[in-house]
Amino acid sequence: MIDHPIEDDLTAYVDGELSELDMQRVKAALAADPKLAALEQALRRTVASVEALPSPQPSQALRRAVMNGLDAPMTMGERLQKWMRPSRLMPALGMAAAAALVALIANQGAQVGPLHEAEEEQLYVAQNFDVLEDLDLAGLESAEDLEVIAAMNSLEGTP
Amino acid sequence: MLVEEDEDARLMQRVSDGDKAAFATLFDRHQASIVRFAWRFVGSQGRAEELAQEIFLKLYRSAKSYRPSAKFKTFLFRVATNHCLNEVRRGDYKVMEPQKDDARDSSEAVGQRPDDALEGKQLEAAVGEALRGMSERERVAFSMCRFEGMPYRDIASALDASEAAVKSLIHRATLQVMKQVDLLKAGLSATGSEA
């Protein structure tokens, strides 16, 4: 019977990613358990096979396309297409809804009282917390990267 | 290695000042990694280069907002990961379905004998099958580890996950590939014994 915690460390052991203490623990287990040792050897063969697979080299056309694209402004169609994508449209609709709510409350004037600037900011932050958090994590602040950032939460939520 | 990574961060800051030569240096240094990474998602060199082009242009246009709070390569792979996943989720691309022309080109590129090339193609297909069966996080972690040689710590940073989580993702992914390769070998040996 394979000890599961040790088995879970086997790939990291093969990759040389364990601490010295864990490395010694796995070595001892391998010496004592032929089934575990066979699995370790199989993992080593798999890793070697995969890492030896050929992979494509970029073409010169890619370099030309990227360097030529540096000065090319996005066309109106491309901008519209980007802003109509759900990952951008939904936060934008959320912000529009928040703005409408703020306007509604402000119009009620004396009955409710105007929102303080800090509260408006909090509302905005709360409305877009996930996006803003990810902007901060990635070190980006540009709206141009909302699409990239917006997928991070779903990526993190994947098991 | 650390010096080179620091140099990447410095280059990126020069890019934010509009230095195209600095961007070209960064591009030349990392284009192969990004094309390989994208190729593992879409299985076609042409499509992988389209994605790489979009990723690098995005990087250039966002340069003013770059903060060197993480290693540049980790930052780049975080952007690349999200871009590739967005494109795959949008349905424009499918995960790792190698096209015949690409498989032939990659085998010929390394000068393999026909028998080896055949086995290489089958191995590539087995790896592709395993990649398709993985979760997105397993696929990303596995690709960064096996094809880019990134250490677990950097992968954890790129995925905003703990090293323990990355260890688990890579272990599960490697076991899946091992099973597919075993199936391939079992099929090859059965074919060999029939002949």
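Residues numbered from 1 in each chain as written. Chains lettered and ligands numbered in written order. Predicted model: local features only at pLDDT ≥ 70, side-chain atom pairs only at ≥ 80, totals over all residues.

Overview of the overall build of chain B
Thought 1: A count of helices and strands for chain B gives nine helices and zero strands.
Thought 2: When the helices and strands of chain B are read in sequence order from the N terminus, they spell out α-α-α-α-α-α-α-α-α.
Thought 3: Looking at the 195 residues of chain B, the share that counts as buried comes to 46%.
Thought 4: Of the contacts made within chain B by residues no fewer than 6 positions apart, 66% connect residues no fewer than 24 positions apart. (Helix = DSSP H or I, 4+ residues; strand = E, 2+ residues; numbered from the N terminus. Buried ≥ 20, exposed ≤ 12 C-beta atoms within 10 Å, placed from the backbone. Contact = placed C-beta atoms within 7 Å.)

Comments concerning the overall build of chain A
Thought 1: The secondary structure content of chain A amounts to eleven helices and zero strands.
Thought 2: Each helix and strand of chain A, ordered N terminal to C terminal, gives the series α-α-α-α-α-α-α-α-α-α-α.
Thought 3: Counting every position in chain A, which comprises 159 residues, the buried fraction comes to 18%.
Thought 4: Taking as baseline every contact in chain A between residues at least 6 positions apart, the subset at least 24 positions apart corresponds to 50%.

Structural notes on helix H2 (residues 20–42) of chain B
In an α-helix, one turn spans 3.6 residues, which is why side chains three or four residues apart end up on the same side.
Residue and element names in this part refer to chain B.
Thought 1: With 23 residues, H2 should reach 33 Å at 1.5 Å per residue; the first-to-last C-alpha distance of 29 Å falls well below that figure.
Thought 2: When the local axis directions of H2 are compared, the greatest deviation, roughly 50 degrees, occurs at His30.
Thought 3: The first or second residue beyond H2 is Gly43, which carries a positive phi of 70 degrees. (Expected span 1.5 Å × (residues − 1). Bend = angle between axes of the 7 residues up to and from the residue.)

Some remarks on the packing of H2(B) against helix H3 (residues 45–61) of chain B
Residues and elements named next belong to chain B.
Thought 1: The geometry of H2 relative to H3 is characterised by a closest axis approach of 8 Å and an angle of 135 degrees between their N-to-C directions. Regarding the angle of H2 to H3, the classification is oblique. Crossing handedness for the pair H2 and H3: right-handed. Of H3, the residues touching H2 (which contributes Phe23, Phe27, Gln31, Ile34, Val35, Ala38, Trp39 and Val42) are Gln45, Arg47, Ala48, Glu49, Leu51, Ala52, Ile55, Phe56 and Tyr60.
Thought 2: Here the contact of H2 with H3 is composed, by residue class, of 13 nonpolar, two polar and two charged. (Axes fitted to C-alpha atoms, helices over the stretch in contact; angles between N-to-C directions. Parallel < 35°, antiparallel > 145°, perpendicular 65-115°, else oblique. Left-handed = near helix turned anticlockwise from the far one by under 90°. Nonpolar A, V, L, I, M, F, W, Y, C, P; charged D, E, K, R; others polar.)

Let's talk about the environment of B:Arg153
Thought 1: The residue B:Arg153 is located in helix H8 (residues 152–159) in this model.
Thought 2: Put simply, B:Arg153 and B:Val166 are 13 residues apart on the chain and 8.3 Å apart in space, counted from C-alpha to C-alpha.

Things to note about H8(B)
All names here are of chain B.
Thought 1: Of all eight residues in H8, seven are buried, a share of seventy percent or more.
Thought 2: Of all the residues in H8, the buried ones are Tyr152, Asp154, Ile155, Ala156, Ser157, Ala158 and Leu159.
Thought 3: Asp160 occupies a position one or two residues after H8 and carries a positive phi of about 55 degrees.

Some words on the nonpolar core
Residue and element names in this part refer to chain B.
Thought 1: Counting 65 residues, the largest nonpolar core has Ala38, Ala52, Ala141 and Ile155 as the members making the most contacts within it.
Thought 2: The element best represented in this core is H2, accounting for ten residues.
Thought 3: Filtering out sequence-adjacent residues up to four positions away, Ile155 remains in contact with Ala141, Met144, Cys145, Met150 and Val166. (Core = buried A, V, L, I, M, F, W, Y, C linked by C-beta atoms within 7 Å.)

Digging into the packing of H3(B) against helix H4 (residues 72–90) of chain B
All names here are of chain B.
Thought 1: Interhelical geometry of H3 versus H4 gives an angle of 130 degrees and a closest axis separation of 10 Å. When the axis of H3 is compared with that of H4, the two are oblique. Relative to H4, the crossing made by H3 is right-handed. Seen from H3, the contacting residues are Leu51, Glu54, Ile55, Lys58 and Leu59; seen from H4, they are Leu76, Val79, Ala80, His83, Cys84 and Glu87.
Thought 2: Partitioning the contact of H3 with H4 into residue classes produces seven nonpolar, one polar and three charged.

What to know about the confidence of the model for chain A
All names here are of chain A.
Thought 1: Here chain A averages 70 in pLDDT, and 48% of its residues register 70 or above.
Thought 2: For the stretch residues 110–116, pLDDT sits under 50, and the model shows five contacts to residues farther than four places along the chain or on other chains.
Thought 3: Note that pLDDT drops below 50 for residues 125–130; the model gives that stretch eight contacts with residues more than four away or on any other chain. (pLDDT = per-residue confidence, 0-100.)

Concerning the confidence of the model for chain B
Residue and element names in this part refer to chain B.
Thought 1: In the predicted model, chain B carries a mean pLDDT of 82, and 79% of its residues have values of at least 70.
Thought 2: Throughout residues 99–115 the model reports pLDDT below 50, and contacts reaching past four residues in sequence, or to other chains, amount to 21 contacts.
Thought 3: As a predicted assembly, this complex carries a pTM of 0.68 together with an ipTM value of 0.79.

Observations concerning unusual backbone geometry
Thought 1: The phi dihedral of B:Asp160 falls on the positive side, at around 55 degrees, and the residue is not glycine.
Thought 2: Note on placement: B:Asp160 falls in the loop between H8 and helix H9 (163–194).

Section: the environment of B:Ser157
Residues and elements named next belong to chain B.
Thought 1: By secondary structure assignment, the location of Ser157 is in helix H8.
Thought 2: Taking the C-beta count within 10 Å as the criterion, Ser157 has 20 such neighbours and is therefore assigned buried.
Thought 3: In this structure the C-alpha to C-alpha distance between Ser157 and Phe75, which are 82 residues apart in sequence, comes to 8.5 Å.
Thought 4: Contact partners of Ser157, with chain neighbours within four places excluded, come to Ala70 and Thr74.

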